[in-house]
Number of protein chains: 2
Amino acid sequence: MKERIETFKRRLEAAAGKRKADLLLMNVRLVDVYTEEIRPASIAVYDGRIVAIDPAPGTEAERVIDGGGMYAVPGFMDAHVHVETTLLTPEALAEVIVPWGTTTLMVDAMEIANVAGEEGLLAMVEGAEKLPFRMFLEIPSRVPTAPGLETTGGVLGPKEVRSLLERNESVSLGELDPSKVLDLKDEYLEKILTALDNGKICNGHAIGLGPLELNMYASAHLTDDHECVTFEELRDRLRTGISVFIREGSSERNAKRLLAGVAEHRLPTENLMFCTDDKHVQDIAAEGHIGYNVKLAVEAGIDPVKAIRMATLNTAKHFRMEEHLGSLTPGRLADILLLPDLKEMRPAMVIKDGMVVAENGRAVPVPAKDYPARLFDTVHVSETISEESFTVTSEGKRARCRVIDLIPDQIINNAAEAWFDVCGGKIAADPARDLLKLSVVERYGKNGRVSTAFVRGFRLERGALAASVSHDHHNIVVVGTNERDMLLAVRELQRLHGGFAAAADGEIKASVALPLAGLMSPEPAATVMAQMETANAAVRALGCPMSAPFMTLSFISLPTVPELGLTDVGLIDVLAHTTCPLVLETEE
Amino acid sequence: MKERIETFKRRLEAAAGKRKADLLLMNVRLVDVYTEEIRPASIAVYDGRIVAIDPAPGTEAERVIDGGGMYAVPGFMDAHVHVETTLLTPEALAEVIVPWGTTTLMVDAMEIANVAGEEGLLAMVEGAEKLPFRMFLEIPSRVPTAPGLETTGGVLGPKEVRSLLERNESVSLGELDPSKVLDLKDEYLEKILTALDNGKICNGHAIGLGPLELNMYASAHLTDDHECVTFEELRDRLRTGISVFIREGSSERNAKRLLAGVAEHRLPTENLMFCTDDKHVQDIAAEGHIGYNVKLAVEAGIDPVKAIRMATLNTAKHFRMEEHLGSLTPGRLADILLLPDLKEMRPAMVIKDGMVVAENGRAVPVPAKDYPARLFDTVHVSETISEESFTVTSEGKRARCRVIDLIPDQIINNAAEAWFDVCGGKIAADPARDLLKLSVVERYGKNGRVSTAFVRGFRLERGALAASVSHDHHNIVVVGTNERDMLLAVRELQRLHGGFAAAADGEIKASVALPLAGLMSPEPAATVMAQMETANAAVRALGCPMSAPFMTLSFISLPTVPELGLTDVGLIDVLAHTTCPLVLETEE
């Protein structure tokens with residue numbers, strides 16, 4: 001404490017002008033999110049924090065930057081993001097998001113937690129102070145997502161969640177889907193009470209809920225929702241005291257519609273903020289990150305200062321960090337963007353902790369980080385796996401089977417059915433009818449299970465695709481026209497310690513190594529983007545017309561997204577929360 | 001935890017309409033502080049919390065209230081109040097404030113803490129759940145206010161403050177005056193860091209600070225100020241990220257001026273809230289409590305919903321209690337006012353925890369509470385005190401002495417001087433020139449010290465007044481024309497265990513017993529008001545023209561309000577933070 005007090009004192013001395021500042025940012029137009037004014041100002045920074053607005057004339061500083069009359073705004077904050085789905089480490093992601101002005105992420109790292117539990121989660125934020133953006137943790141509330149219906153590498157029970165919520169990096173209990181609450185499950189109610197006990201909020205995920213269900217959801221102290229699609233949904237949530245994170249991700253593009261409604265109905269914006277949830281690197285590179293949401297808000301007719309406030313102060317307040325973030329005022333961390341205009345929201349300079357971390361669209365290089373060796377060794381496919389592991393057996397000559405029928409561009413699917421020929425007691429894939437085999441291979445060395453079902457929609461003419469990214473359990477999921485290529489693709493992922501692989505005709509056609517927890521690459525963003533393009537091209541050559549086949553593959557096995565899921569435990573009837581038989585009927 | 005989960009479940013079942021509600025409030029116009037809409041609604045309550053807005057038709061309830069189309073608004077919150085200065089216990093105060101719609105007080109109980117430390121503080125909130133309003137604690141940051149310059153009954157050092165901040169009832173570190181921070185005092189910086197460590201905010205008291213000093217004040221993480229007098233001060237605070245509690249007390253009447261500025265400049269109101277700080281019972285009874293601030297806001301031209309929001313949601317957010325208070329939404333405590341109109345802000349019905357606690361200006365009777373016996377025994381004047389104790393000695397024939405020169409209606413004073421005759425080595429009071437003796441008698445049985453000085457302004461022609469309420473140390477302060485009556489008045493306070501007393505001509509003329517910590521009466525509000533009127537009349541009969549002589553007396557000895565103070569340690573030169581001699585010069 002003594003040392004902290006001395007540090008505190010030095011900062012206050014700098015605030016009083018009795019100690020040289022580290023940085024003096026002169027000649028900016030300060031966007032004040034408290035008064036909603038824009039006014040000429042200068043900003044003094046010491047030890048990573050703003051210590052004075054318009055310090056006394058003659059204030060000295062180690063470094064002086066002339067803002068050239070640009071707008072100074074607080075660094076943008078993403079209220080809810082799954083970093084792992086970018087396939088990049090935070091270090092690599094920095095290069096992509098920081099030049100766009102995002103300096104704080106509220107990270108729900110449920111993917112790595114499902115693979116590697118508490119250790120994985122903490123490895124994400126360990127040493128994060130060296131990053132050019134900040135990460136705070138929304139502690140995953142459902143690891144696993146479907147207890148009993150899937151095998152995961154990590155488990156976060158009430159005890160683990162409690163210990164994580166007590167940590168300084170944690171800001172909330174991570175998104176809790178409706179069934180956990182509406183079905184009154186003890187484990188999740190306990191986690192909610194624990195979050196409240198620790199003074200932390202509970203993030204929601206109120207997909208599709210109407211006003212009556214929202215009464216129950218809000219009663220459970222879930223404080224926000226990032227799944228709104230319509231303005232009416234957004235308003236219903238505000239009316240029940242639930243804040244809304246307006247999401248603009250890669251597949252979920254909700255911002256324009258929601259913001260148009262907010263502008264049209266002149267709704268107060270204080271309880272609205274922004275998130276990306278899941279946004280692919282190429283989309284970020286092309287259009288921006290949270291700044292893009294802000295830009296859309298301004299285009300929708302919302303006052304620019306209020307739009308900026310949605311991306312800054314509102315988020316900081318929501319997560320109870322107003323004394324540290326969200327405004328350009330003394331005491332706050334010195335995360336400052338200089339914007340040439342308030343239309344494009346594209347910073348010419350990005351400052352974090354009082355240091356320039358990006359200029360004119362380019363990030364200052366980020367040092368690589370050593371992750372624990374164990375996290376590079378999370379793919380443990382059973383030794384005994386063979387082509388036979390993907391066999392579907394049946395009696396009779398013909399069999400009526402369930403089929404997971406994909407809906408283009410959506411993660412939900414239809415529970416369809418089809419008749420198959422049975423040959424020697426086995427059922428093969430039927431590429432001619434686009435009826436492929438889909439298998440999930442347990443990859444944590446816990447039980448070696450393999451489950452197989454049928455899927456329609458990939459349109460592979462030959463070969464197989466495998467992924468160790470498969471929400472939320474992240475076992476290996478593999479789709480194929482034949483068992484040989486399926487096995488080959490799985491073995492390739494074993495060799496790479498995770499990633500994506502395409503095999504055909506007995507050879508590997510392309511692969512992307514994601515050895516960090518089987519989810520992320522240690523390579524820079526540009527490398528990973530290039531690898532993905534190559535792999536996608538290889539998949540298209542096998543007949544699959546999807547733009548992002550591995551992404552589709554990675555969401556297909558979810559045991560919580562209707563109607564059918566597939567896990568190592570078996571085929572899942574999602575709405576019934578139970579396994580269901582693949583073969584429904586046989587004929588002689 | 002098991003039991004808490006079961007309780008939680010029952011509430012969620014009620015939210016789902018699967019369990020009978022306790023209360024169904026039908027047919028109200030709900031004032032929605034999130035969307036700023038006013039819309040017809042019904043509200044279901046279970047186990048003290050709102051569980052549904054517009055529950056499903058057919059929802060059953062133990063009790064149904066027809067709101068008759070009245071406005072339903074959240075219970076009003078006072079962001080900063082010293083309960084003890086009302087002279088009433090919280091139980092007695094309830095009768096006065098609850099009918100006006102105040103259902104939550106953020107209490108800085110620094111008075112009782114100065115008398116009885118942690119024990120006194122906790123006695124205030126012990127059993128508070130039976131009150132018709134809620135109390136949360138702003139943990140006093142300065143007990144004593146002037147260490148080394150005064151003797152107090154209680155001391156709250158960093159250790160005590162830490163343990164208090166860890167409690168659920170505590171919401172902040174209580175108001176810290178500028179000098180503690182601007183002078184970089186370790187003890188207070190440690191208390192601030194401790195509050196932040198506990199996720200609590202730090203209340204400010206930025207009296208008179210300009211922009212440059214505010215940089216330092218905000219850098220110290222002080223998050224609010226209730227001392228603004230001008231609109232420019234208010235705006236300066238918002239510009240440095242400091243929220244403003246707009247105060248309307250008895251002597252400090254800041255609301256009209258501040259609100260006029262806010263309305264004129266169309267300033268955002270999200271970081272503005274309301275407090276009373278110190279408001280006398282008779283003023284509350286005459287004009288109202290926090291609802292009066294709301295009324296003034298509407299009169300100033302602020303939208304009524306925003307004005308209500310300032311008294312509710314803004315305060316709840318500021319103190320990080322949004323999930324429990326500040327809005328009429330599910331999950332929140334059922335503190336609801338029914339208002340016939342949005343102009344007078346005078347509730348026809350007040351509901352707290354889902355129960356009617358006041359109707360048509362009358363509170364439901366509040367059960368008396370047993371305070372610890374020790375708190376009724378806090379006045380321990382030394383046995384050896386005598387008329388001689390008030391003697392001022394001097395050499396020579398004449399002496400030039402310092403005089404505390406009162407300024408009418410202000411708590412600051414001028415450091416004046418006057419020549420006195422010395423008779424037998426002693427100096428007597430000189431009522432003809434309005435130069436009276438003022439003494440402070442240590443009353444905690446710690447050292448028995450008595451200090452004496454001279455004061456001008458009371459205009460007593462005879463007799464003496466004594467008070468055991470004397471900020472912030474609350475020793476006995478006595479003013480008089482002669483030592484005999486001074487001693488008599490002090491002895492009367494000893495007999496009463498504290499209070500106010502007037503003596504003249506060797507007898508007690510009037511007294512008010514305040515035996516709870518020597519600060520508060522256990523009697524109902526009406527009784528105390530009547531006693532005070534009688535006592536004030538008795539004082540006027542002694543020649544003193546003041547409207548509230550005991551209030552003046554109780555602020556006179558403050559060692560922190562310029563220019564002179566008087567404590568048991570001696571005469572205090574406030575600006576120099578030190579004692580100073582009473583006699584400046586003598587003549588033979």
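Please read these numbers as outputs of a predicted model, since none were measured by experiment.

1. Quick look at the overall build of chain A
A count of helices and strands for chain A gives 16 helices and 31 strands. By principal-axis analysis of the C-alpha atoms, chain A measures approximately 95 × 50 × 45 Å. Going through the 588 residues of chain A one by one, you find that 64% of them count as buried. Considering only contacts in chain A between residues 6 or more positions apart, those separated by 24 or more positions represent 68%. When the accessible surface of chain A is summed, it comes to about 20000 Å², and 48% of that surface belongs to carbon and sulfur atoms. Of the charged side chains in chain A, 61 are positive and 86 negative, and the gap between their average positions amounts to 3 Å.

2. Some words on the packing of aromatic side chains
Tallying each qualifying case throughout the model produces six aromatic pairs over all chains. An angle of 35° between the planes, with centres 6.1 Å apart, marks the rings of F245 of chain B and F319 of chain B as tilted. Of the two residues, F245 of chain B is situated in strand β12 (residues 243-247) and F319 of chain B in the loop between α13 (313-318) and β14 (336-339); the sequence distance between them amounts to 74 residues. In this structure F245 of chain B comes out as buried when scored by relative accessible area, which is 1%. A ring pair is formed by F420 of chain B and F454 of chain B, whose centres lie 4.1 Å apart and whose planes are at 25°; its orientation type is stacked. Of this pair, F420 of chain B sits in strand β20 (residues 413-421) while F454 of chain B sits in strand β23 (residues 450-456); the two residues are 34 residues apart in sequence, bridging distant segments of the chain. F420 of chain B sits in the buried class, given a relative accessible area of 1%. Above the face of the Y71 of chain A ring, R29 of chain A is positioned so that its terminal group lies 4.3 Å from the ring centre. The ring of F420 of chain A carries the charged tip of R433 of chain A above its face, separated from the ring centre by 5.5 Å.

3. Some details on the pairing of strand β9 (residues 170-176) of chain B
All names here are of chain B. With respect to burial, β9 is a largely interior element, seven of its seven residues being buried. Two strands pair when backbone bridges link them, and strand β8 (residues 134-139) and β9 are joined in this way by three bridges, in the parallel orientation. Across the sheet, residue E138 finds its bridge partner in β9, namely S172. Following the backbone out of β8, through helix α4 (residues 158-165) and into the adjacent parallel β9, one traces a crossover that is right-handed. In terms of strand pairing, β9 meets strand β10 (residues 201-204) through three bridges, oriented parallel. Directly across from L176, in β10, lies its bridge partner G204.

4. Description of the interface of chain A and chain B
The interface is formed by 62 residues belonging to chain A together with 62 residues belonging to chain B. Here chain A and chain B share an interface that buries about 5500 Å² over both sides, 58% of which is from carbon and sulfur atoms. Summed over the three residues of chain A that lose the most area to chain B, namely F8, R239 and R320 of chain A, the buried surface amounts to 11% of that side. Taken together, the connections running from chain A to chain B amount to 10 salt bridges. Of the charged contacts, one joins R309 of chain A and E270 of chain B as a salt bridge, the two residues approaching to 3.8 Å between their closest N and O atoms. Across the contact surface, chain A and chain B share 19 residue pairs in polar contact (both at pLDDT 80 or more).

5. Describing the packing of helix α9 (residues 255-264) of chain B against helix α11 (residues 290-299) of chain B
Residues and elements named next belong to chain B. Here α9 crosses α11 at 40°, and the two axes come no closer than 9 Å. One way to sum up the angle between α9 and α11 is to call them oblique. With respect to the hand of their crossing, α9 and α11 are arranged in right-handed fashion. In this structure, α9 contributes A255, K256 and L259 to the contact, and α11 contributes N293, L296 and A297. A class-by-class count of the residues in the contact of α9 with α11 yields four nonpolar, one polar and one charged.

6. Remarks on the sheet that holds strand β28 (residues 564-567) of chain A
Residue and element names in this part refer to chain A. If you walk across this open sheet you meet the three strands as β28-β29-β30, and the pairing is antiparallel. The open sheet has two edge strands, β28 and β30 (578-579), and neither has a second partner. Summarising the sheet, β28 and strand β29 (residues 570-573) pair through four bridges and their orientation is antiparallel. Residue pairing across strands places T567 opposite G570, the latter belonging to β29.

7. With respect to the sheet that holds strand β8 (residues 134-139) of chain A
Residue and element names in this part refer to chain A. The eight strands lie next to each other as β6-β7-β8-β9-β10-β11-β12-β13, forming an open sheet whose pairing is parallel. Two strands lie at the open edges of the sheet, namely β6 (76-81) and β13 (272-275), each paired on one side alone. Each adjacent strand pair in this sheet contributes to an overall mean axis angle of 30°, direction not counted. For strand β12 (residues 243-247) and β13, the ladder comprises four bridges, and the chain directions are parallel.

8. Observations regarding the nonpolar core
By size, the foremost hydrophobic cluster in this structure holds 165 residues, and its most contacted members are I192, L234, I246, F458, L465 and L553 of chain A. Considering each element in turn, this core owes the most residues, nine residues, to helix α3 (residues 110-125) of chain A. Apart from residues no more than four positions distant in its own chain, L553 of chain A is found in contact with L438, F458, L465, A466, A467, V477 and V479 of chain A. Counting residues in each nonpolar core, the second largest holds 164 residues, with I5 of chain A together with V33, V73 and Y444 of chain B among its members.

9. Quick look at α4 of chain B
Residues and elements named next belong to chain B. Listed in full, the buried residues belonging to α4 are V161, L164 and L165. The buried residues of α4 occupy an angular sector of 95° when the element is viewed end-on, so they sit on one face. Those residues of α4 that are buried are in contact with α3 (110-125), β8, β9 and α6 (186-197).

10. Concerning empty space enclosed by the protein
Using a probe with the size of a water molecule, rolled over the atoms, empty space left in the structure can be pinpointed. Following the criterion strictly, the structure yields seven cavities of 30 Å³ or more and no others. Considering only enclosed or pocket space, the largest cavity measures out at about 360 Å³ in volume. Within the residue set of the lining of the largest cavity, elements represented by two or more residues are α13 (313-318) of chain A together with α13 of chain B. Per-element accounting of the lining of the largest cavity gives the leading share, three residues, to α13 of chain B. Each residue belonging to the lining of the largest cavity can be placed in one class, and the counts come to three nonpolar, 10 polar and 12 charged.

11. Some words on the relation of the copies chain A and chain B
It takes a turn of 180° to lay chain A on chain B, together with a shift of 0.0 Å along the axis; the resulting RMSD is 0.2 Å. The transformation just described matches what one would write down for a two-fold rotation axis. Interface overlap between copies is the fraction of interface residues in one copy that are interface residues in the other; for chain A against chain B it reaches 100%, indicating a shared surface.

12. Let's talk about the pattern of salt bridges
Here the structure, examined in full by the defined rule, presents 78 salt bridges over all chains. Residues D177 of chain A and K180 of chain A are paired through a salt bridge, measuring 3.3 Å at the closest nitrogen-oxygen approach. Across the pair, exposure class does not vary: D177 of chain A and K180 of chain A are buried alike. With its nearest N and O atoms 3.3 Å apart, the salt bridge here joins E587 of chain B to R398 of chain B.

13. A look at the environment of K426 of chain B
Residues and elements named next belong to chain B. Summarising the element assignment, K426 is placed in strand β21 (residues 426-427). Owing to a relative accessible area of 37%, K426 belongs among the partly exposed residues under this scheme. With sequence-adjacent residues up to four places away left out, K426 is seen in contact with E388, T391, V392, T393 and D421. For K426, the side chain forms a polar contact with the side chain of E388, separated by 3.3 Å.

14. Some remarks on helix α16 (residues 549-556) of chain B
Along α16 of chain B, six of the eight residues are buried, which leaves the element largely enclosed by surrounding structure. Those residues of α16 of chain B not exposed but buried are P549, F550, M551, L553, S554 and I556 of chain B.

15. Details of the side chain of N215 of chain B
Examined against the element boundaries, N215 of chain B turns out to sit in helix α7 (residues 211-219). Given the relative accessible area of 1%, N215 of chain B is considered buried. A polar contact is formed between the side chain of N215 of chain B and the backbone nitrogen of I53 of chain A, at a distance of 3.0 Å. If we skip the residues at most four places from it in the chain, N215 of chain B touches A15, V51, A52, I53, D54 and P330 of chain A together with T240 of chain B.

Parameters and conventions
Each residue is numbered by its place in its chain's sequence as written, counting from 1. Whichever chain is written first is A, and whichever ligand is written first is 1; the rest continue in order. Residue-level local features of this predicted model are given only where pLDDT is at least 70; pairs of side-chain atoms are given and counted only at 80 or more, and the full residue set underlies all totals for whole chains, interfaces and linings. Neither water nor hydrogens contribute to the side-chain values; these are computed over all heavy atoms in the structure. Secondary structure elements follow DSSP: runs of H or I of four or more residues count as helices, runs of E of two or more count as strands, with numbering from the N terminus. Only protein chains enter the area calculation, which uses a 1.4 Å probe; residues under 20% of their type maximum are buried, those over 50% are exposed, and those in between are partly exposed. Note on definitions: a residue-residue contact is assigned when non-hydrogen atoms from the two residues lie within 4.5 Å. Areas reported here follow the Shrake-Rupley algorithm with a probe of radius 1.4 Å; residue values treat only the protein chains shown as occluding. Positive charges are assigned to Lys and Arg, negative charges to Asp and Glu, while His and the chain termini are left out of the count. Think of each charge as sitting on NZ of Lys, CZ of Arg, CG of Asp or CD of Glu. Pairing of aromatic rings covers Phe, Tyr and the six-membered ring of Trp, with a centre-to-centre limit of 6.5 Å; geometry is then stacked below 30 degrees between planes, edge-to-face above 60, and tilted otherwise. Two conditions define a charge sitting above a ring: the NZ of Lys or the CZ of Arg must be within 6 Å of the ring centre, and it must be within 35 degrees of the ring normal. Criterion used throughout: strands pair if DSSP finds at least two bridges between them. By definition, the crossover connecting two strands over a helix is right-handed if that path, from the first strand to the second, turns clockwise as seen with the strands pointing away from the viewer. The term buried area denotes the loss of accessible surface (1.4 Å probe radius) that occurs when two parts are joined, taken as the sum for both partners. A pair is scored as a salt bridge if a Lys or Arg side-chain nitrogen falls within 4 Å of a carboxyl oxygen belonging to Asp or Glu. Residues adjacent in sequence count toward polar contacts only when both atoms are side-chain atoms; beyond that, a polar contact is any pair of N or O atoms within 3.5 Å, and within protein one must be able to donate a hydrogen and the other to accept it. To define axes, lines are fitted to C-alpha atoms, for helices over the stretch in contact only, and angles between the resulting N-to-C directions are given on a 0 to 180 degree scale. Angular relationships are summarised with four words: roughly parallel below 35 degrees, roughly antiparallel beyond 145, roughly perpendicular across 65 to 115, and oblique for the angles in between. Crossing handedness follows the turn of the near helix against the far one: under a right angle anticlockwise gives a left-handed crossing, and clockwise gives a right-handed one. Polarity classes work like this: nonpolar for Ala, Val, Leu, Ile, Met, Phe, Trp, Tyr, Cys and Pro, charged for Asp, Glu, Lys and Arg, and polar for all others, with Gly in that last group. Only buried residues count toward a nonpolar core, which is a set of Ala, Val, Leu, Ile, Met, Phe, Trp, Tyr and Cys residues joined through side-chain atoms within 4.5 Å. Throughout, the arc means that of the directions going from the helix axis to the C-beta atoms. Detection works on a 1 Å grid of protein atoms alone, calling trapped sets that fit a 1.4 Å probe cavities and calling open sets with protein on both sides within 12 Å along at least five of seven lines pockets, with lining residues defined by an atom within 4 Å of a point. Grid points are joined across faces, edges and corners, and a volume is the space filled by probe spheres set on the points. Only residues with pLDDT of at least 70 in both copies count here: their C-alpha atoms drive the least-squares fit that superposes the copies.

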